[in-house]
Amino acid sequence: MRKADRAPVGSLTCPNPGERPDLWPWSARRVDGVLRVGGVDLTRIACEFGTPTFVLDVEGLRGRARVWASAMAEEFWDGYGMRGGDAFYAGKAFLSADVARLVASEGLGVDTASLGELTLALRAGVDPKRIGLHGNNKSDEEIRLALESGIHRIFIDSMDEVRQVERIAAELGVAAPVMVRLKSGIHAGGNEYVATAHEDQKFGLSLATGQALEAMAAIARAPHLDFRGLHSHIGSQIFGTRAFSQAARIVIDFAARLRDELALGVPAIDLGGGVGISYTGQDPVPTSPVEVARVLADAVRERCAHHGLPIPHVSVEPGRSIAGASMVMLYRVGAIKDVSLEGGGVRRYVAIDGGMSDNIRPVLYDAAYTATLANRDCPAQPGALARCRVVGKHCESGDIIIRDVDLPGDIAGGDLLVVPAVGAYGYSMASNYNMVTKPGVLAVEDGAARWFVRPQTVDHLLALDAGLA
Ligand SMILES: *Cc1c(COP(=O)(O)O)cnc(C)c1O
């Protein structure tokens, strides 16, 4: 569906954080009209730290990580023939040293997908045995660092990579711990660009064409590859549980084929991430980690019993569902412009001091967001609201953060606009378009604020320009 066909979404009543714990940070509440997160008024943050700023609710992030860790540990409790379960945080959603340490302290591993993410996780002090490396086109340097630092698992994504990892492991004289990413044929997720397991896309080794079996045979013969298990990630922003259980069944069925055709055991499987979250308050209710873990456990147990297979260790890789709702974006409203529409009526353009450089998702995926004011109450009566379009400051007419949202009719320059659910794929996808500096990520907890990531300055930007002294 194109965005133009979609019914307008917005905070028709300006969502009250207290009523939407799935959309807002757990600690968000309004006190005397002012929105407060982690015990810190957003008005104070704007004054002391400036705007735009990502505000991270530490308690919420920790809590969401903890829920995943305990759900997986409980549902795959290593008794009764099971080998345990755990979660790896998908670092690409948002990674900083403090976030890596925080999720690690809750018992999660950290999945990385580049030299930068891997280096950051290692330098943050995450146990290498709790780090994974993903990617469909890993460099020799990435693989070498992974092997030298003794990380837990490298996810093999192609036949070329079987040879590449074998070659580098041989050079280093080590056995490379590898898992194999399967293309299950399942298509899930709200948008084609974030659905990653159907056939016509770049990730994984195809089950349907025999590619996966061929890669497994090559891995079994390779002297420096230590096969640790199978992996599947079927997409992102998935609601419900059907696609997850289907993928789990497909992976276990393939494990049975490996036993039958190659006499190979599968000690572990990883069923990826992709659990959807709320962005506007009008999305479906997100599936809880407990429910996802239970459905996976049921599917894995059922298929293993069917094939007479031992139950493998099971992990998942949530990203968005841990980081997403833990962060809000704080902007300051600037220019406001009423634009007359062709069919009559006006649209109010509300420009904020950031835009597509700090949140590319609306442009990239047609993603919908909502917003409210942080510095004063939003009136409940529809008559006091105006339909607004929130736009950024970039030289691009598509630089739209929210296509339609109802905000107070007297919204004015200087007001503080807050957008919830920007914690995943917000900062991590930020760019320097127009040489706009990246905002910082300010962590708030118990009334105190500190940077997890400091804001960029123009000097940081110019530092790489070889033409400047
Ligand atoms: C992106 C990604 C994830 C995390 O996805 P979310 O939708 O953020 O939960 C997990 N595993 C892999 C392989 C990924 O590429």
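Residues numbered from 1 in each chain as written. Predicted model: local features only at pLDDT ≥ 70, side-chain atom pairs only at ≥ 80, totals over all residues. Heavy atoms only, no water.

Trainee: Give a detailed account of the environment of Asp338, specifying residues and quantitative values.
Mentor: Relative to the helices and strands, Asp338 is located in strand E14 (residues 327-340). Along the sequence, Asp338 and Arg389 sit 51 residues apart, while their C-alpha atoms lie 9.9 Å from each other. Residue contacts for Asp338: discarding those within four places in its chain leaves Arg347 and Arg348. (Helix = DSSP H or I, 4+ residues; strand = E, 2+ residues; numbered from the N terminus. Contact = heavy atoms within 4.5 Å.)

Trainee: Talk me through the site of the ligand; I want residue IDs and the actual numbers.
Mentor: If you check the shell around the ligand, you find 14 residues, and the closest are Lys92, Ser236, Glu317, Arg320 and Tyr425. Here Gly319 contributes a backbone N or O atom positioned 3.0 Å from an oxygen atom of the ligand. With the chains in place, 93% of the 390 Å² that the ligand exposes on its own is no longer accessible. (Near = heavy atom within 4 Å. Polar contact = N/O pair within 3.5 Å; in protein donor to acceptor, adjacent residues only side chain to side chain. Areas by Shrake-Rupley, 256 points an atom, 1.4 Å probe, with all protein chains shown as cover.)

Trainee: Quick one: what's the story with the sheet that holds strand E2 (residues 34-37), residue by residue and with numbers?
Mentor: Sheets are built from strands that pair by backbone hydrogen bonding, the pairs being arranged parallel or antiparallel. Here we have three strands laid out as an open sheet, ordered E1-E2-E3, and antiparallel in their pairing. Looking along the sheet, the strands with just one partner apiece sit at the ends: strand E1 (29-31) and strand E3 (40-41). Bridge count for E2 against E3 is two bridges, and the pairing is antiparallel. If you follow Val37 over to E3, its bridge partner there is Val40. (Pairing = 2+ DSSP bridges.)

Trainee: Just give me the short version of the UniProt feature "binding site: pyridoxal 5'-phosphate" (unreviewed entry) in the protein chain, but keep the residues and values in it.
Mentor: UniProt records the feature "binding site: pyridoxal 5'-phosphate" (unreviewed entry) at Gly274, Glu317, Pro318, Gly319, Arg320 and Tyr425, using the numbering of this structure. Residue position: Gly319 is located in the loop between strand E13 (313-316) and helix H10 (320-323). Not counting residues within four places of it along the chain, the set of residues in contact with Gly319 comprises Tyr89, Ala90 and Ala93. For Arg320, a relative accessible area of 6% translates into the label buried. Contacts of Arg320, omitting those with residues within four sequence positions, involve Ala93, Ser236, Gln237, Val275, Ile277, Tyr279, Arg361, Ala424 and Tyr425. Reaching out from Arg320, the side chain makes a polar contact with the side chain of Tyr279 at a distance of 2.7 Å. (UniProt positions renumbered as here; feature names shortened; annotations may be inferred. Buried < 20%, exposed > 50% of the residue type's maximum accessible area, 1.4 Å probe, protein only.)

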